[in-house]
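Observations on chain architecture
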Amino acid sequence: MATNGKSGDNRRHGAVKGRTQVKNTKTGIWIKRNNENGQFMDGKTAGGKFKGVRKEK
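This write-up is about the structure you can find in this document. Just so we're clear, the structure is a prediction, and the values are computed from it rather than from any experiment.

1. Focus on the side chain of Lys-32
Within the secondary structure layout, Lys-32 lies in strand S2 (residues 30–34). Lacking a salt bridge, the buried Lys-32 has Asp-42 as its closest oppositely charged neighbour, with an N-O distance of 4.4 Å. In this structure Lys-32 touches Arg-19, Thr-20, Gln-21, Gln-39, Phe-40, Met-41, Asp-42, Phe-50 and Val-53, once residues within four positions along its chain are discounted.

Here's what the structure looks like:
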């Protein structure tokens, strides 16, 4: 069985909590949002989606 390794090795283990991502239909950029207050946090400029962040419906 695979393991995630030890904690404290400066990498993420599992999904990112408290955030979602949504795609802007006009620009095609994925935007990261905070679940607590709905504030937009970051936009992905390099293309593609954020790793480990769930998508909004």
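After presenting the structure, the write-up continues.
2. Structural notes on the pattern of salt bridges
Counted under the stated rule, the structure contains two salt bridges. Asp-9 is the partner of Arg-11 in a salt bridge, and the nearest nitrogen-oxygen pair spans 3.0 Å. With a closest N to O distance of 3.5 Å, Glu-56 and Arg-33 form a salt bridge. Linking Glu-56 in the segment after strand S4 (54–55) with Arg-33 in strand S2, this pair joins segments that are 23 residues apart in sequence. A relative accessible area of 31% means that Glu-56 is categorised as partly exposed.

Here is what the cut-offs are and how they apply
Residues numbered from 1 in each chain as written. Predicted model: local features only at pLDDT ≥ 70, side-chain atom pairs only at ≥ 80, totals over all residues. Heavy atoms only, no water. Helix = DSSP H or I, 4+ residues; strand = E, 2+ residues; numbered from the N terminus. Buried < 20%, exposed > 50% of the residue type's maximum accessible area, 1.4 Å probe, protein only. Lys, Arg positive; Asp, Glu negative; His and termini not counted. Salt bridge = Lys/Arg side-chain N within 4 Å of Asp/Glu carboxyl O. Contact = heavy atoms within 4.5 Å.

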